[in-house]
Amino acid sequence: MSQTYNFCAGPAMLPHAVMEQAQKEFINWNNTGVSVMELSHRSKDYIAVATAAEQDLRDLLAIPDNYKVIFSQGGGRGQFAAVPLNILGDKTQADYLLTGQWSKLAVVEGKKYCQVNESNILMPSTDGIVAVKPASQWQISSKNTAYVHYCPNETIEGIEINDIPDTGDIPLVADMSSNILSKPLDISKFGIIYAGAQKNIGPSGLAVVIVRDDLLDKAKQETPSIFNYKLMAENGSMFNTPPTYSWYLAGLVFKWLKAQGGLSAIEEINAEKAKLLYGYIDSSDFYGNNVATVNRSKMNVPFTLASSDLDAAFLQQAQDANLMALKGHRIVGGMRASIYNAMPIEGVKALIGFMEKFERQQRGL
Ligand SMILES: *Cc1c(COP(=O)(O)O)cnc(C)c1O
């Protein structure tokens with residue numbers, strides 16, 4: 001059987017080398033005679049795993065000392081609630097920038113806790129091309145807004161924002177669930193960055209939160225303890241039992257990223273993969289993608305076929321060729337290839353080879 005490539009948006013594929021290592025030590029971790037998932041989270045052995053994972057993440061992202069890293073539960077969506085609960089403080093409103101489904105879902109949750117000032121930052125479009133306004137044109141509603149929330153990579157629509165807005169004294173909050181660790185990042189521009197793990201960090205069950213120290217003292221009294229950043233940080237993210245196996249696997253992914261040469265190296269590979277795939281889509285009039293070049297996501301590549309009547313055949317034949325999970329999100333239809341860090345360039349080449357073959361077949365060539 002030829003190699004399977006998994007293009008799922010999440011939970012997504014993990015690096016092959018990481019899976020092999022996890023398999024090798026699955027029932028006997030570090031000669032303890034037990035699996036790492038059977039260790040107490042308070043044991044010396046496990047604390048070493050947890051601490052190394054945090055340090056490796058700090059190294060990769062060059063996280064400054066005045067930021068805490070929290071390994072949380074509740075996924076990305078848990079943070080939709082945790083953010084307002086933790087940092088509204090005595091303010092009653094927050095700004096949410098809208099670019100697609102995930103930024104809108106953050107609003108739905110945010111509205112339970114505060115007045116949400118919504119601002120659509122997509123350009124008005126007449127030609128069907130989707131583009132985001134430059135950050136210099138984004139408006140902050142008032143100086144009383146507690147924070148500005150946005151989603152730099154809309155996983156469903158494949159829209160990525162590379163600009164980082166300057167929000168002055170107002171904390172900038174970013175949902176980086178689908179593009180964290182895909183490139184180097186200037187953490188100091190943000191108040192909070194959070195990400196569900198199952199796209200570019202590790203398996204599901206974990207969310208990583210990077211939060212600036214000065215935002216730790218504002219939590220509402222009713223904030224659930226397990227979502228309270230200060231309490232979690234003070235307890236090394238072990239206020240309650242963390243998802244220990246997910247945390248361990250995330251740690252292996254961080255080590256793998258370091259071995260690849262860190263985030264600058266992975267950024268180059270990601271750029272190359274995206275260039276190949278978008279380049280092929282653009283070169284063909286059978287496939288299409290309507291996102292403006294500057295905003296094309298390097299992680300999630302949605303595309304359409306000449307006719308949606310062909311979608312089912314495309315997906316079936318792709319599956320038969322061991323190219324998995326290419327169905328687009330039900331809201332936007334079409335196809336979507338998620339090509340996170342773990343997707344090797346060979347996977348992208350295999351996909352393009354299949355797309356060429358499918359196109360020729362449909363044209364009867
Ligand atoms: C997947 C995703 C989420 C939701 O994550 P869960 O862990 O399922 O809660 C939130 N935001 C973005 C941008 C995502 O891609």
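That block above? That's the structure.
Residues numbered from 1 in each chain as written. Predicted model: local features only at pLDDT ≥ 70, side-chain atom pairs only at ≥ 80, totals over all residues. Heavy atoms only, no water.

### Some thoughts on the nonpolar core
Threshold: Note on terminology: a nonpolar core comprises buried Ala, Val, Leu, Ile, Met, Phe, Trp, Tyr and Cys residues joined through side-chain atoms within 4.5 Å. Per-residue accessibility, obtained with a 1.4 Å probe over protein chains only, is compared with the maximum for each type, and a residue is labelled buried under 20%, exposed over 50%, and partly exposed between these values. Segments assigned H or I by DSSP are reported as helices when at least four residues long, segments assigned E as strands when at least two residues long, and all are numbered from the N terminus. An automatic or database domain assignment is the source of the domain bounds shown. Contact between two residues is taken to exist if any of their heavy atoms lie within 4.5 Å; hydrogens are not considered.
One finds Leu61, Ile180, Leu181, Ile201, Ile210, Tyr248 and Phe254 to be the most contacted residues of the largest nonpolar core, which totals 56 residues. Looking at this core, the element that brings in the most residues is helix H6 (residues 244-259), giving 10 residues. Each of domain 1 (17-259) and domain 2 (261-362) contributes no fewer than three residues to this core. If we ignore the near neighbours within four places in the chain, the residues touching leucine 61 are Ile180, Leu181, Leu185, Ile187, Ile210 and Leu263.

### Details of the pattern of salt bridges
Definition in use: Salt bridges are identified by distance alone: a Lys or Arg side-chain nitrogen within 4 Å of an Asp or Glu carboxyl oxygen.
Enumeration over the complete set of coordinates arrives at 15 salt bridges. For the salt bridge of arginine 296 with aspartate 282, the shortest nitrogen-to-oxygen distance reads 2.9 Å. Remark: aspartate 282 occurs in helix H7 (residues 262-283) and arginine 296 occurs in the loop between H7 and strand E11 (300-303); sequence separation between them is 14 residues. Take arginine 296: its relative accessible area is 10%, and that puts it in the buried class.

### Examining the environment of histidine 41
Structurally, histidine 41 can be placed in the loop between helix H1 (16-24) and helix H2 (44-61). For the pair histidine 41 and phenylalanine 80, spaced 39 residues apart in the sequence, the C-alpha separation amounts to 27 Å. Apart from the residues within four sequence positions on either side, histidine 41 is in contact with Tyr46, Ile47, Met238, Asn240, Thr241, Pro242 and Thr244.

### Quick look at the environment of glutamine 23
Mapped onto the elements, glutamine 23 comes out in helix H1. The class of glutamine 23 is exposed, set by a relative accessible area of 63%. Sequence spacing of glutamine 23 and serine 225 is 202 residues, and the spatial spacing of their C-alpha atoms is 34 Å.

### Points about the site of the ligand
Keep this limit in mind: A single heavy atom is enough: if one lies within 4 Å of a molecule or strand, its residue is considered near that molecule or strand. In protein, a polar contact means a hydrogen-donor-capable atom and an acceptor-capable atom, both N or O and within 3.5 Å, with residues adjacent in sequence counting only if both atoms are side-chain atoms; elsewhere, any N or O pair within 3.5 Å suffices. Each accessible area value is a Shrake-Rupley result obtained with a 1.4 Å probe; residue values ignore everything except the protein chains displayed when judging cover. Polar here means any residue other than Ala, Val, Leu, Ile, Met, Phe, Trp, Tyr, Cys and Pro, which are nonpolar, and Asp, Glu, Lys and Arg, which are charged; Gly is therefore polar.
Every one of the 13 residues lining the ligand counts as a neighbour, but Arg77, Thr155, Asp175, Gln198 and Lys199 are closest to it. Backbone polar atom of glycine 76 to an oxygen atom of the ligand: 2.9 Å apart, as the coordinates give it. Here an oxygen atom of the ligand and a side-chain polar atom of lysine 199 are 2.7 Å apart. Protein chains shield 87% of the accessible area of the ligand, which is 390 Å² for the free molecule. Ranked by residue count, the leading element in the shell around the ligand is helix H3 (residues 75-87), at 4 residues. Of the residues belonging to the shell around the ligand, the class tally is 3 nonpolar, 7 polar and 3 charged.

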